[in-house]
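Chain residues, written in single-letter form:
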Amino acid sequence: MSVLHEYYELTKPRIVALLVFCAVIGMFLAVPGPGLLLPPWRALILGTLGIWLASSSAAAFNQLIDRRIDKVMVRTLHRPLATGTLTSRQAFAFALGLGIASMIVLAAWVNTLTAVLTFIGLIGYALIYTAFLKRASPQNIVIGGLAGAVPPILGWTAVTGALHPYALQLCLIIFVWTPPHFWALAIFRRDDYSRAEIPMLPVTHGVVFTRWHILFYTILLTLVTLLPALTGMSGWIYLIGTLALDLVFLWYAIRLLNPPDELYAMKVFKYSIWYLMLLFAFLLVDHWLVLPLADRI
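Caption draft 1: Just the overall build of the chain, in detail. Helices and strands together make up the secondary structure of the chain, namely 16 helices and zero strands. Relative to the compact-globule value of 19 Å for 297 residues, the chain shows a C-alpha radius of gyration of 19 Å, a close match. If one aligns the C-alpha atoms of the chain with their principal axes, the spans along those axes are about 55 × 50 × 30 Å. Looking at the chain as a whole, 54% of its 297 residues qualify as buried. Contacts spanning at least 24 positions in sequence make up 75% of the contacts within the chain whose residues lie at least 6 apart. Carbon and sulfur atoms make up 72% of the accessible area of the chain, which amounts to about 13400 Å² in all. Side-chain charges in the chain split into 19 positive and 12 negative, and the spacing between the mean points of these groups amounts to 4 Å.

This is how it looks when you write it as C-alpha coordinates:
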(Lines give C-alpha, C1' and ligand atoms only; values in the text may rest on other atoms or scores of the structure.)
Protein backbone atom coordinates (compact mmCIF):
# COMPACT_ATOMS: atom_id res chain seq x y z
CA MET A 1 0.00 0.00 0.00
CA SER A 2 1.13 3.57 -0.69
CA VAL A 3 1.96 6.00 2.09
CA LEU A 4 -0.94 8.21 0.99
CA HIS A 5 -3.32 5.29 1.47
CA GLU A 6 -1.96 4.75 4.99
CA TYR A 7 -2.62 8.39 5.86
CA TYR A 8 -6.11 7.97 4.41
CA GLU A 9 -6.71 4.92 6.64
CA LEU A 10 -5.52 6.95 9.61
CA THR A 11 -8.67 9.07 9.24
CA LYS A 12 -11.09 6.12 9.65
CA PRO A 13 -12.79 7.08 6.36
CA ARG A 14 -15.94 4.96 6.72
CA ILE A 15 -16.72 6.25 10.20
CA VAL A 16 -15.97 9.83 9.19
CA ALA A 17 -18.18 9.47 6.11
CA LEU A 18 -21.18 8.62 8.33
CA LEU A 19 -20.45 11.57 10.62
CA VAL A 20 -20.13 13.99 7.71
CA PHE A 21 -23.31 12.57 6.14
CA CYS A 22 -25.23 13.40 9.34
CA ALA A 23 -23.70 16.89 9.38
CA VAL A 24 -24.73 17.53 5.77
CA ILE A 25 -28.28 16.39 6.51
CA GLY A 26 -28.27 18.87 9.39
CA MET A 27 -27.37 21.60 6.89
CA PHE A 28 -30.28 20.74 4.62
CA LEU A 29 -32.72 20.50 7.52
CA ALA A 30 -31.67 23.96 8.69
CA VAL A 31 -33.03 25.41 5.44
CA PRO A 32 -36.80 26.11 5.65
CA GLY A 33 -38.92 23.55 3.77
CA PRO A 34 -40.75 21.98 2.12
CA GLY A 35 -39.08 22.23 -1.27
CA LEU A 36 -35.71 21.36 -2.72
CA LEU A 37 -33.89 24.34 -1.22
CA LEU A 38 -30.13 24.19 -0.91
CA PRO A 39 -28.04 25.58 1.95
CA PRO A 40 -25.81 28.56 1.11
CA TRP A 41 -22.85 27.31 -0.92
CA ARG A 42 -20.26 28.57 1.56
CA ALA A 43 -21.86 26.68 4.44
CA LEU A 44 -22.43 23.55 2.35
CA ILE A 45 -19.00 23.27 0.74
CA LEU A 46 -16.66 24.88 3.26
CA GLY A 47 -18.70 23.72 6.25
CA THR A 48 -18.57 20.14 5.02
CA LEU A 49 -14.84 20.46 4.35
CA GLY A 50 -14.14 21.85 7.80
CA ILE A 51 -16.22 19.22 9.58
CA TRP A 52 -14.59 16.46 7.51
CA LEU A 53 -11.10 17.75 8.36
CA ALA A 54 -11.94 17.94 12.07
CA SER A 55 -13.50 14.47 12.12
CA SER A 56 -10.48 13.05 10.31
CA SER A 57 -8.17 14.79 12.77
CA ALA A 58 -10.06 13.30 15.72
CA ALA A 59 -9.85 9.84 14.14
CA ALA A 60 -6.11 10.19 13.60
CA PHE A 61 -5.55 11.36 17.19
CA ASN A 62 -7.67 8.39 18.32
CA GLN A 63 -5.38 5.95 16.52
CA LEU A 64 -2.29 7.73 17.85
CA ILE A 65 -3.47 7.44 21.45
CA ASP A 66 -4.71 3.85 20.93
CA ARG A 67 -1.61 2.60 19.08
CA ARG A 68 -0.65 0.26 21.95
CA ILE A 69 -4.00 -1.46 22.24
CA ASP A 70 -4.47 -1.55 18.46
CA LYS A 71 -1.52 -3.94 18.26
CA VAL A 72 -3.26 -6.55 20.42
CA MET A 73 -6.76 -6.34 18.95
CA VAL A 74 -7.61 -8.39 15.88
CA ARG A 75 -9.99 -5.71 14.62
CA THR A 76 -7.28 -3.04 14.59
CA LEU A 77 -4.09 -4.96 13.73
CA HIS A 78 -4.13 -3.53 10.19
CA ARG A 79 -4.10 0.11 11.25
CA PRO A 80 -1.08 2.14 10.07
CA LEU A 81 0.42 2.73 13.52
CA ALA A 82 -0.16 -0.88 14.57
CA THR A 83 1.66 -2.19 11.50
CA GLY A 84 4.42 0.39 11.74
CA THR A 85 3.88 1.80 8.26
CA LEU A 86 3.49 5.23 9.85
CA THR A 87 5.35 6.55 12.89
CA SER A 88 3.82 8.28 15.88
CA ARG A 89 5.50 11.53 14.84
CA GLN A 90 4.01 11.33 11.36
CA ALA A 91 0.55 10.58 12.76
CA PHE A 92 0.76 13.46 15.24
CA ALA A 93 1.84 15.97 12.59
CA PHE A 94 -0.91 14.76 10.25
CA ALA A 95 -3.64 14.87 12.91
CA LEU A 96 -2.51 18.29 14.13
CA GLY A 97 -2.38 19.65 10.60
CA LEU A 98 -5.90 18.45 9.84
CA GLY A 99 -7.20 19.94 13.08
CA ILE A 100 -5.59 23.34 12.46
CA ALA A 101 -6.83 23.37 8.86
CA SER A 102 -10.39 22.59 9.99
CA MET A 103 -10.38 25.46 12.48
CA ILE A 104 -9.07 27.91 9.87
CA VAL A 105 -11.71 26.88 7.34
CA LEU A 106 -14.60 27.01 9.81
CA ALA A 107 -13.57 30.19 11.65
CA ALA A 108 -12.58 32.16 8.55
CA TRP A 109 -15.25 31.11 6.05
CA VAL A 110 -18.18 29.57 7.96
CA ASN A 111 -18.76 31.03 11.44
CA THR A 112 -17.20 31.17 14.87
CA LEU A 113 -19.89 29.11 16.62
CA THR A 114 -19.40 26.15 14.29
CA ALA A 115 -15.62 26.38 14.72
CA VAL A 116 -15.93 26.42 18.54
CA LEU A 117 -18.40 23.53 18.68
CA THR A 118 -16.29 21.51 16.24
CA PHE A 119 -13.20 22.10 18.36
CA ILE A 120 -15.08 20.96 21.48
CA GLY A 121 -16.22 17.82 19.65
CA LEU A 122 -12.67 17.11 18.45
CA ILE A 123 -11.22 17.46 21.95
CA GLY A 124 -14.10 15.48 23.43
CA TYR A 125 -13.50 12.48 21.17
CA ALA A 126 -9.74 12.57 20.73
CA LEU A 127 -8.75 13.35 24.31
CA ILE A 128 -11.60 13.07 26.82
CA TYR A 129 -13.07 9.85 25.39
CA THR A 130 -10.03 8.13 23.86
CA ALA A 131 -7.39 9.07 26.42
CA PHE A 132 -9.53 8.93 29.57
CA LEU A 133 -13.11 7.66 29.46
CA LYS A 134 -12.42 4.66 27.25
CA ARG A 135 -10.09 3.25 29.90
CA ALA A 136 -11.92 4.56 32.97
CA SER A 137 -15.45 3.17 32.96
CA PRO A 138 -17.69 0.54 31.31
CA GLN A 139 -20.04 3.46 30.62
CA ASN A 140 -17.33 4.95 28.41
CA ILE A 141 -19.32 4.74 25.20
CA VAL A 142 -22.40 6.28 26.84
CA ILE A 143 -20.60 9.31 28.27
CA GLY A 144 -18.21 9.71 25.35
CA GLY A 145 -20.96 9.22 22.78
CA LEU A 146 -21.83 12.90 22.99
CA ALA A 147 -18.71 13.83 21.04
CA GLY A 148 -19.78 11.63 18.15
CA ALA A 149 -23.33 13.00 18.26
CA VAL A 150 -22.51 16.63 17.46
CA PRO A 151 -22.22 16.51 13.61
CA PRO A 152 -25.91 17.43 12.95
CA ILE A 153 -25.51 20.41 15.28
CA LEU A 154 -22.39 21.48 13.39
CA GLY A 155 -24.21 21.21 10.09
CA TRP A 156 -27.12 23.25 11.44
CA THR A 157 -24.95 26.01 12.92
CA ALA A 158 -22.86 26.16 9.75
CA VAL A 159 -26.02 27.29 7.92
CA THR A 160 -27.76 29.38 10.57
CA GLY A 161 -24.97 30.50 12.90
CA ALA A 162 -27.18 29.59 15.88
CA LEU A 163 -28.20 26.59 17.96
CA HIS A 164 -31.76 25.35 17.59
CA PRO A 165 -33.81 22.79 19.57
CA TYR A 166 -34.32 20.78 16.37
CA ALA A 167 -30.57 20.39 15.97
CA LEU A 168 -30.34 19.23 19.59
CA GLN A 169 -32.97 16.56 18.83
CA LEU A 170 -30.78 15.20 16.04
CA CYS A 171 -27.83 15.13 18.42
CA LEU A 172 -29.93 13.29 21.01
CA ILE A 173 -30.89 10.63 18.46
CA ILE A 174 -27.24 9.83 17.68
CA PHE A 175 -26.32 10.00 21.37
CA VAL A 176 -28.91 7.35 22.29
CA TRP A 177 -28.14 5.30 19.16
CA THR A 178 -24.43 5.02 19.99
CA PRO A 179 -24.56 2.55 22.94
CA PRO A 180 -26.61 -0.23 21.26
CA HIS A 181 -24.62 0.31 18.07
CA PHE A 182 -21.22 0.00 19.73
CA TRP A 183 -22.10 -2.56 22.39
CA ALA A 184 -23.17 -4.99 19.66
CA LEU A 185 -19.65 -4.72 18.22
CA ALA A 186 -18.15 -4.97 21.71
CA ILE A 187 -19.98 -8.26 22.35
CA PHE A 188 -18.46 -9.78 19.24
CA ARG A 189 -15.02 -8.30 19.96
CA ARG A 190 -15.05 -8.76 23.74
CA ASP A 191 -11.91 -10.94 23.73
CA ASP A 192 -10.09 -8.14 21.93
CA TYR A 193 -11.11 -5.59 24.55
CA SER A 194 -10.24 -7.99 27.35
CA ARG A 195 -6.71 -8.49 25.97
CA ALA A 196 -6.34 -4.73 25.59
CA GLU A 197 -7.63 -4.19 29.15
CA ILE A 198 -10.38 -1.84 27.99
CA PRO A 199 -13.40 -1.98 30.36
CA MET A 200 -16.13 -2.34 27.76
CA LEU A 201 -19.47 -3.44 29.21
CA PRO A 202 -19.38 -7.08 27.97
CA VAL A 203 -15.91 -7.45 29.54
CA THR A 204 -16.78 -5.98 32.94
CA HIS A 205 -20.42 -7.09 33.31
CA GLY A 206 -20.81 -9.98 30.90
CA VAL A 207 -22.56 -10.57 27.61
CA VAL A 208 -26.05 -11.18 29.01
CA PHE A 209 -25.98 -7.92 30.95
CA THR A 210 -24.87 -6.08 27.80
CA ARG A 211 -27.61 -7.67 25.69
CA TRP A 212 -30.26 -6.37 28.07
CA HIS A 213 -28.69 -2.92 27.99
CA ILE A 214 -28.82 -2.97 24.20
CA LEU A 215 -32.53 -3.73 24.37
CA PHE A 216 -33.18 -0.98 26.94
CA TYR A 217 -31.33 1.60 24.87
CA THR A 218 -33.10 0.46 21.70
CA ILE A 219 -36.46 1.04 23.42
CA LEU A 220 -35.24 4.48 24.50
CA LEU A 221 -34.05 5.15 20.96
CA THR A 222 -37.50 4.32 19.61
CA LEU A 223 -39.02 6.93 21.92
CA VAL A 224 -36.39 9.55 21.12
CA THR A 225 -36.77 9.13 17.36
CA LEU A 226 -40.42 10.11 17.69
CA LEU A 227 -39.46 13.60 18.89
CA PRO A 228 -39.00 15.19 15.42
CA ALA A 229 -42.56 14.17 14.51
CA LEU A 230 -44.04 15.11 17.90
CA THR A 231 -42.41 18.55 17.97
CA GLY A 232 -43.34 19.49 14.40
CA MET A 233 -39.86 19.19 12.95
CA SER A 234 -40.91 16.45 10.51
CA GLY A 235 -44.00 14.89 8.97
CA TRP A 236 -45.58 11.60 7.94
CA ILE A 237 -42.80 10.27 5.72
CA TYR A 238 -40.30 10.46 8.56
CA LEU A 239 -42.74 9.10 11.13
CA ILE A 240 -43.65 6.03 9.06
CA GLY A 241 -40.06 5.45 8.02
CA THR A 242 -38.58 5.72 11.50
CA LEU A 243 -41.27 3.49 13.03
CA ALA A 244 -40.39 0.79 10.50
CA LEU A 245 -36.68 1.18 11.25
CA ASP A 246 -37.33 1.11 15.01
CA LEU A 247 -39.43 -2.04 14.81
CA VAL A 248 -36.67 -3.85 12.95
CA PHE A 249 -34.05 -2.61 15.44
CA LEU A 250 -36.23 -3.78 18.34
CA TRP A 251 -36.62 -7.17 16.67
CA TYR A 252 -32.84 -7.44 16.35
CA ALA A 253 -32.33 -6.39 19.98
CA ILE A 254 -34.92 -8.87 21.31
CA ARG A 255 -33.47 -11.70 19.26
CA LEU A 256 -29.98 -10.79 20.50
CA LEU A 257 -31.10 -11.87 23.99
CA ASN A 258 -30.97 -15.44 22.67
CA PRO A 259 -29.01 -15.20 19.42
CA PRO A 260 -28.82 -18.04 16.90
CA ASP A 261 -25.01 -17.81 16.70
CA GLU A 262 -21.99 -15.78 17.75
CA LEU A 263 -22.07 -13.73 14.54
CA TYR A 264 -25.52 -12.35 15.28
CA ALA A 265 -24.11 -9.44 17.29
CA MET A 266 -22.30 -8.27 14.16
CA LYS A 267 -25.58 -8.40 12.24
CA VAL A 268 -27.06 -6.07 14.84
CA PHE A 269 -24.03 -3.80 14.54
CA LYS A 270 -24.26 -3.63 10.74
CA TYR A 271 -28.00 -2.99 10.83
CA SER A 272 -27.47 -0.13 13.27
CA ILE A 273 -25.29 1.64 10.69
CA TRP A 274 -27.94 1.29 7.99
CA TYR A 275 -30.53 2.36 10.56
CA LEU A 276 -28.86 5.71 11.21
CA MET A 277 -28.23 6.41 7.54
CA LEU A 278 -31.82 5.64 6.55
CA LEU A 279 -33.29 7.56 9.47
CA PHE A 280 -31.46 10.73 8.44
CA ALA A 281 -32.40 10.07 4.81
CA PHE A 282 -36.06 9.89 5.85
CA LEU A 283 -35.64 13.18 7.67
CA LEU A 284 -34.29 14.80 4.53
CA VAL A 285 -36.92 13.39 2.17
CA ASP A 286 -39.67 14.35 4.60
CA HIS A 287 -38.25 17.88 4.90
CA TRP A 288 -38.29 18.29 1.12
CA LEU A 289 -41.71 16.81 0.44
CA VAL A 290 -44.16 17.41 3.27
CA LEU A 291 -45.16 19.92 5.89
CA PRO A 292 -44.46 19.11 9.55
CA LEU A 293 -47.24 17.38 11.44
CA ALA A 294 -47.78 20.46 13.59
CA ASP A 295 -48.66 22.51 10.48
CA ARG A 296 -51.34 19.99 9.50
CA ILE A 297 -53.20 20.08 12.81
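What follows continues from the structure just given.
Caption draft 2: Seen up close, the packing of helix H15 (residues 236–256) against helix H16 (residues 264–289). Here H15 crosses H16 at 170°, and the two axes come no closer than 8 Å. Judged by the angle between their axes, H15 and H16 are roughly antiparallel. Class assignment for the residues of the contact of H15 with H16 results in 20 nonpolar, three polar and four charged.

Caption draft 3: Representation of the nonpolar core in the model. Formed by 64 residues in total, the largest nonpolar core has its most connected members in Trp177, Tyr275, Leu279 and Phe280. Contributions of two or more residues to this core are made by helix H2 (13–30), helix H7 (112–136), helix H8 (140–148), helix H9 (151–160), helix H10 (165–188), helix H13 (207–224), H15 and H16. Here this core takes 13 residues from H10, the largest share from any one element. When neighbours within four sequence positions are excluded, Leu279 is seen to be in contact with Ile173, Thr225, Tyr238, Thr242 and Leu245.

About the cut-offs
- Residues numbered from 1 in each chain as written.
- Predicted model: local features only at pLDDT ≥ 70, side-chain atom pairs only at ≥ 80, totals over all residues.
- Heavy atoms only, no water.
- Helix = DSSP H or I, 4+ residues; strand = E, 2+ residues; numbered from the N terminus.
- Rg over C-alpha atoms; globule rule 2.2 N^0.38 Å.
- Buried < 20%, exposed > 50% of the residue type's maximum accessible area, 1.4 Å probe, protein only.
- Contact = heavy atoms within 4.5 Å.
- Areas by Shrake-Rupley, 256 points an atom, 1.4 Å probe, with all protein chains shown as cover.
- Lys, Arg positive; Asp, Glu negative; His and termini not counted.
- Charge placed at Lys NZ, Arg CZ, Asp CG, Glu CD.
- Axes fitted to C-alpha atoms, helices over the stretch in contact; angles between N-to-C directions.
- Parallel < 35°, antiparallel > 145°, perpendicular 65-115°, else oblique.
- Nonpolar A, V, L, I, M, F, W, Y, C, P; charged D, E, K, R; others polar.
- Core = buried A, V, L, I, M, F, W, Y, C linked by side-chain atoms within 4.5 Å.

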